[in-house]
Amino acid sequence: REGLLRAGTDPGDIDRTMGLLEERVASRRTGALWILQSLDKIPGDNDLDRHRKVVSQMAENQERGLPIHRWTLAEPGRENDWRAGFRRVEQVMSSKLFTVGPDDVVDLAASLMDWKHIRHIPVEENGRLVGLLSSRALLRLIAKGGNADKTVAVRDVMRTDVVTIGPEESPLRAIELMKEHSLGVLPVVQGDKLIGIVSERDFLTIAGRVLKEALGEV
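Residues numbered from 1 in each chain as written. Predicted model: local features only at pLDDT ≥ 70, side-chain atom pairs only at ≥ 80, totals over all residues. Heavy atoms only, no water.

Right, let's talk about helix H3 (residues 31-41) for a bit. Taken together, the buried positions of H3 are occupied by Trp34, Ser38 and Leu39. Angular distribution of buried residues about the axis of H3 spans 130°; they occupy a single face of the element. In this structure, H3 carries Ala32, Leu36 and Asp40 as exposed residues pointing more than 90 degrees from its buried face. (Buried < 20%, exposed > 50% of the residue type's maximum accessible area, 1.4 Å probe, protein only. Helix = DSSP H or I, 4+ residues; strand = E, 2+ residues; numbered from the N terminus. Arc of directions from axis to C-beta.)

Moving on, we come to the pairing of strand E4 (residues 193-199). Counting buried residues along E4, five of its seven residues qualify, which places the element largely inside the surrounding structure. Relative to E4, strand E3 (residues 185-190) runs antiparallel, the two sharing six bridges. Residue glutamine 190 lies in a different strand from E4, and its bridge partner there is lysine 193. (Pairing = 2+ DSSP bridges.)

Here the idea is simple: oppositely charged side chains can pair when their charged atoms come close. This model, assessed by the stated rule, comprises seven salt bridges. For arginine 88, the salt bridge is made with glutamate 168, and the minimal N-O distance between the two is 3.6 Å. Taken together, the residues arginine 88 in the loop between helix H4 (47-63) and helix H5 (89-92) and glutamate 168 in the loop between helix H7 (135-144) and helix H8 (171-180) connect sequence positions 80 residues apart. Residue arginine 88 is classed as buried on the basis of its relative accessible area of 15%. Its relative accessible area of 54% is what places glutamate 168 among the exposed residues. (Salt bridge = Lys/Arg side-chain N within 4 Å of Asp/Glu carboxyl O.)

Turning our eyes to something else, we now look at H8. Those residues of H8 lying buried are Pro171, Ala174, Leu177 and Met178. Buried residues in H8, looked at end-on, bunch into an arc of 115°, giving them a common side. Within H8, the exposed residues directed more than 90 degrees away from the buried face are Leu172, Lys179 and Glu180. Capping the start of H8 is the job of one residue whose side-chain oxygen sits 3.0 Å from the backbone nitrogen of leucine 172: serine 170. Backbone geometry just after H8 places serine 182 at a positive phi near 55°. (Polar contact = N/O pair within 3.5 Å; in protein donor to acceptor, adjacent residues only side chain to side chain.)

So, on to the packing of aromatic side chains. One pass over the full model with this rule turns up two aromatic pairs. Residues tryptophan 34 and tryptophan 71 carry aromatic rings whose centres are separated by 5.1 Å and whose planes lie at 85° to one another, so their mutual orientation is edge-to-face. Linking tryptophan 34 in helix H3 with tryptophan 71 in the loop between H4 and H5, this pair joins segments that are 37 residues apart in sequence. As far as burial versus exposure is concerned, tryptophan 34 and tryptophan 71 are alike and both buried. With 6.5 Å between their ring centres and 65° between their planes, phenylalanine 98 and tryptophan 115 make a pair best called edge-to-face. Of this pair, phenylalanine 98 sits in the loop between H5 and helix H6 (106-116) while tryptophan 115 sits in helix H6, and the two are 17 residues apart along the sequence. Look at tryptophan 115 and you get exposed, because its relative accessible area is 57%. Lysine 116 extends its terminal NZ or CZ atom over the ring of tryptophan 115, reaching a point 4.0 Å from the ring centre. (Phe/Tyr/Trp six-rings, centres within 6.5 Å; stacked < 30°, edge-to-face > 60°. Lys NZ or Arg CZ within 6 Å of the ring centre and 35° of its normal.)

A few words now on the side chain of histidine 120. Looking at the element boundaries, histidine 120 is found in strand E1 (residues 120-125). Residue class for histidine 120 comes out buried when judged on its relative accessible area of 19%. Among all residues touching histidine 120, those that are not within four sequence positions of it are Met113, Leu132, Leu133, Ser134, Gly184 and Val185. (Contact = heavy atoms within 4.5 Å.)

Another aspect to go through is the layout of surface pockets. Of the pockets and cavities examined, the largest pocket occupies roughly 460 Å³. Lining the largest pocket we find 17 residues, and of these Ile118, Val185, Ile197, Ser199 and Arg201 sit closest to its centre. Among the secondary structure elements, those contributing two or more residues to the lining of the largest pocket are E1, E4 and helix H9 (200-214). The element that contributes the greatest number of residues to the lining of the largest pocket is H9, accounting for three residues. Taken together, the residues that form the lining of the largest pocket break down as six nonpolar, five polar and six charged. (1 Å grid on protein atoms, 1.4 Å probe; cavity = no way out; pocket = protein on both sides within 12 Å on 5 of 7 lines; lining within 4 Å. Points joined across faces, edges and corners; volume = space filled by probe spheres on them. Nonpolar A, V, L, I, M, F, W, Y, C, P; charged D, E, K, R; others polar.)

What follows is the structure in structure tokens.
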């Protein structure tokens, strides 16, 4: 506390933070423990339904801004809507990203796209999203031919007018943007930092889940 005061931190903020820390230590509850205890509290053999209930109530607690040690355990009797898992882009995006830099050679990007079977690859510089490279752009480059001895950088063929979306926005909004701009993928950014990506493939997967749910096959 004395160190924070010397650093110029507001005393009120220090007291609130220290109080929360003391409460958390006293409760002996972490996020992982809350999940395990909640799952134990919810009966039934359908693990998917039990996990949905826990995730749904976890999201509610987060939206209310409550610290974890003040969360009540998930309630088994509460109605759980499967649609809760598709309310925000961050719930459906892929966060396992493969990126290249603007000064990387196109051959490297092409090899990575072929290896991972992806048609688009984000371009980052100093942690910021600066462009998007597509397989279509690579095909255009090949079609143009040119000097085979010349090294082509990613920045020479990438798109810089990248349409993006925030993690808190609706997946429906993502679909609208992709249709409006004829996009196969949509980078997800927080500020100018790339945190994920949603693609046509992601939405096909979601559509399959929704159909299974509607047909009672889950």
